[in-house]
Amino acid sequence: MRDTGFFEFDIVDPIQSLDVSQSDQVKQLATYLDNFADLTEIQKIRVGWVLSKMCFQPVTARLFDGAYQLSEPMTPLETSAAFLHCYSRYRMHVDDPAVPYSIDEFKAISERGADGIDRIDATYQVVVQSVKHAGDHETASAWQERHRTIIDEAMDALDPFTLTFVNSRYHRVGGFLPQMRQDSASMVAEMERAEALANELDRSTEVLRIAADEVLFPVIESRTKEALWNGDTELALSRIQRLTRISPNDSRVWLQLGEVHIERDEFEQALKAYRHAAELAPPGREIAWFMIGQCLEALDDLHQAGDAYLAALSLDPQAISAAEALVEVSKQLGQQTICSWATEHLNTLDAIKQRGVFKRQWAHQHIPRETGS
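Predicted model only: the values in this text are computed from it and were never measured.

Analysis parameters
- Residues numbered from 1 in each chain as written.
- Predicted model: local features only at pLDDT ≥ 70, side-chain atom pairs only at ≥ 80, totals over all residues.
- Heavy atoms only, no water.
- Helix = DSSP H or I, 4+ residues; strand = E, 2+ residues; numbered from the N terminus.
- Contact = heavy atoms within 4.5 Å.
- Areas by Shrake-Rupley, 256 points an atom, 1.4 Å probe, with all protein chains shown as cover.
- Buried < 20%, exposed > 50% of the residue type's maximum accessible area, 1.4 Å probe, protein only.
- Lys, Arg positive; Asp, Glu negative; His and termini not counted.
- Salt bridge = Lys/Arg side-chain N within 4 Å of Asp/Glu carboxyl O.
- Polar contact = N/O pair within 3.5 Å; in protein donor to acceptor, adjacent residues only side chain to side chain.
- Phe/Tyr/Trp six-rings, centres within 6.5 Å; stacked < 30°, edge-to-face > 60°.
- Core = buried A, V, L, I, M, F, W, Y, C linked by side-chain atoms within 4.5 Å.
- Expected span 1.5 Å × (residues − 1).
- Axes fitted to C-alpha atoms, helices over the stretch in contact; angles between N-to-C directions.
- Parallel < 35°, antiparallel > 145°, perpendicular 65-115°, else oblique.
- Nonpolar A, V, L, I, M, F, W, Y, C, P; charged D, E, K, R; others polar.
- Left-handed = near helix turned anticlockwise from the far one by under 90°.

Draft legend 1. Broad picture of the overall build of the protein. Secondary structure assignment for the protein yields 19 helices and zero strands. Once local pairs closer than 6 in sequence are excluded, the contacts in the protein between residues at least 24 apart make up 56%. Counting every atom, the protein has about 18,800 Å² of accessible surface; 51% of that belongs to carbon and sulfur.

So, in structure tokens, the structure goes:
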């Protein structure tokens, strides 16, 4: 809701929000939710995934609460229920750290789950979260070895498309481990393997093509970051431009294109990319407007930069970076009223931050001051 500002659509219960007259599919989903206890186990899993994809994570977590025992070996359907329940609470925890969640639950699913995609996904989550949230190379490396073993053990249970997908993903997440060791050559080798496998995916039908692009998207995204990490901005630009062709309506792609242009000191091109991201968003509209302000500052247009920071704050009142930038720009312009308001707002945000009640914080890239005037 913070991305759109449409807080009236901050829906908790999908049954209350669904208009059954919209389509037969919506009517069927409402029926399934009304009669969830009477569904077969596989029907429950399918409904759970639909809700999860619709971002109704609290509902998904509630529906599968108590549907499995992590302390005992699980059947395939129990493994699916456990993964859905754990994944939903993890996503809730990312937005709100007060939501109870432990990575040990994914570890338990990996250890006691049935062979198949859900056990693989749980192991993958342990590797990713050990890298992303803990920066723990030792734990990530150990679980990456287990990741390989569990994929191999599930080979007979996976169709060819899924097997190629999980192997591509294995090498993509594997690329973060040599990066943590500052081993560029090994990182590139892992990423090359991930991309090669993603390119091998069957695209013979429209459905398979869409699924293959969904696998390829994060690979090219990671390879863009790999190129930036290695200082090759030309290669990074070619990769992110490829991603704009694969997913032209995804605001995240244009945010990343703007980032690459900034690394190349191409502020006018970056500005165009961020404006396009703002048009396509959500997600990330407040980030796009903050970066529009950064680009305008670099181009010596402080008045419009201030307007951009105000737009970012109107979308996300908790955007500390935008408040800080607005204070500085208004000082330079001699806009005392705006400066006083932004300073007071920033002090409020600092007090909130000290109490630790921010639910989510976006990463904001700052253009070094010396690039502007």
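Let us keep going from here.
Draft legend 2. Focus on the side chain of Glu221. Following the sequence through the fold, Glu221 ends up in helix H12 (residues 206-229). Comment: no salt bridge for buried Glu221; closest opposite-charge side chain is Lys225, at 4.9 Å. If we skip the residues at most four places from it in the chain, Glu221 touches Leu243 and Gln256.

Draft legend 3. Examining the pattern of salt bridges more closely. The final tally for this structure, using the stated rule, is 18 salt bridges. Close ionic contact of Arg223 with Glu195 constitutes a salt bridge, the shortest N to O distance being 2.8 Å. Of this pair, Arg223 sits in helix H12 while Glu195 sits in helix H11 (residues 184-200), and the two are 28 residues apart along the sequence. The buried category is assigned to Glu195, whose relative accessible area is 14%. Of the charged contacts in the structure, one is a salt bridge between Glu234 and Arg264, with a shortest N-O distance of 3.0 Å. Here Arg264 lies in the loop between helix H14 (251-263) and helix H15 (267-280) and Glu234 lies in helix H13 (residues 233-246), a separation of 30 residues in the sequence. In this structure Arg264 comes out as partly exposed when scored by relative accessible area, which is 22%.

Draft legend 4. Quick peek at the side chain of Ser110. Looking at the element boundaries, Ser110 is found in helix H6 (residues 103-112). By relative accessible area, which is 0% here, Ser110 ends up buried. Setting aside anything within four residues of it in sequence, one finds Ser110 in contact with Arg119, Ala122, Thr123, Trp143, Arg146 and Ile150.

Draft legend 5. Summary view of the environment of Asp202. Its location among the elements puts Asp202 in the loop between H11 and H12. Between the C-alpha atom of Asp202 and that of Thr164, which follows or precedes it by 38 residues, the distance is 9.4 Å. The contact partners of Asp202, leaving out residues within four places of it in the chain, are Phe161, Leu208, Arg209 and Ala212. Only 2.8 Å separates the side chain of Asp202 from the side chain of Ser204, close enough to count as a polar contact.

Draft legend 6. The arrangement of the packing of aromatic side chains in detail. Throughout the structure, instances matching the rule amount to nine aromatic pairs. Arranged with centres 6.5 Å apart and planes meeting at 50°, the rings of Tyr87 and Tyr90 form a pair that is tilted. With Tyr87 and Tyr90 both in helix H5 (residues 76-95) and three residues apart, this pair spans about one turn of that helix. Judged by relative accessible area, which is 5%, Tyr90 ranks as buried.

Draft legend 7. Main features of the nonpolar core. In terms of nonpolar packing, the biggest core is built from 56 residues, with Ile240, Ile262, Tyr274, Phe290, Ile292 and Tyr309 touching the most fellow members. Counting 28 residues, the second-largest nonpolar core is a separate cluster that includes Cys86, Tyr90, Val127 and Val173.

Draft legend 8. A look at the environment of Ser314. Relative to the helices and strands, Ser314 is located in helix H17 (residues 302-315). Residues Ser314 and Glu286 lie 28 residues apart in sequence; the distance between their C-alpha atoms is 8.3 Å.

Draft legend 9. Quick peek at helix H18 (residues 320-333). Look at H18: 20 Å from first C-alpha to last across 14 residues, which is about the 20 Å you get at 1.5 Å a residue. Taken as a whole, H18 has its buried residues at Ile320, Ser321, Ala322, Ala323, Ala325, Leu326, Val327, Val329 and Ser330. Downstream of H18 by one or two residues, Gly334 has phi in the positive range, about 70°.

Draft legend 10. Quick peek at H5. Here H5 contains 20 residues, and its C-alpha end-to-end distance of 29 Å stays within 8% of the 28 Å for a straight helix at 1.5 Å per residue. Among all positions in H5, only Thr79, Ser80, Ala81, Ala82, Phe83, Leu84, His85, Cys86, Ser88, Arg89, Tyr90 and Met92 are buried.

Draft legend 11. Structural context of the environment of Met92. By the element assignment, Met92 lies in helix H5. The spatial distance from the C-alpha of Met92 to the C-alpha of Pro58 is 7.3 Å, given a sequence separation of 34 residues.

Draft legend 12. Focus on the packing of helix H7 (residues 117-132) against helix H9 (residues 160-174). Here H7 crosses H9 at 10°, and the two axes come no closer than 11 Å. With respect to their mutual orientation, H7 and H9 come out roughly parallel. Contact with H7, carried on its side by Ile117, Ile120, Asp121, Tyr124, Val127 and Val128, involves Thr162, Phe165, Val166, Arg169, Arg172 and Val173 of H9 and no other residues of that element. Grouping the amino acids of the contact of H7 with H9 by side-chain chemistry returns eight nonpolar, one polar and three charged.

Draft legend 13. Broad picture of the packing of H5 against H7. Relative orientation of the contacting elements H5 and H7 amounts to 30°, with a least axis distance of 9 Å. Overall, the two elements H5 and H7 adopt an arrangement that is roughly parallel. Remark: the crossing between H5 and H7 carries left-handed chirality. Here H5 contributes Thr79, Ser80, Phe83, Tyr87 and Tyr90 to the contact with H7, which in turn contributes Asp118, Arg119, Asp121, Ala122, Gln125 and Gln129. Partitioned by chemical class, the residues of the contact of H5 with H7 number four nonpolar, four polar and three charged.

Draft legend 14. Structural view of unusual backbone geometry. For the peptide bond that leads from Ala281 to Pro282, omega is 10°, which places it in the cis range. Locating Pro282 in the fold gives a position in the loop between H15 and helix H16 (285-298). Residue Pro283 follows Pro282 across a cis peptide bond; omega there is 5°. Position of Pro283 among the secondary structure elements: in the loop between H15 and H16. Notably, Gln182 is not glycine yet its phi reads approximately 65°, a positive angle. Its place among the elements puts Gln182 in the loop between helix H10 (176-180) and H11. Positive phi is not limited to glycine here, since Asp300 has a value of about 65°. You can see Asp300 is positioned in the loop between H16 and H17. With a relative accessible area of 46%, Asp300 lands in the partly exposed category.

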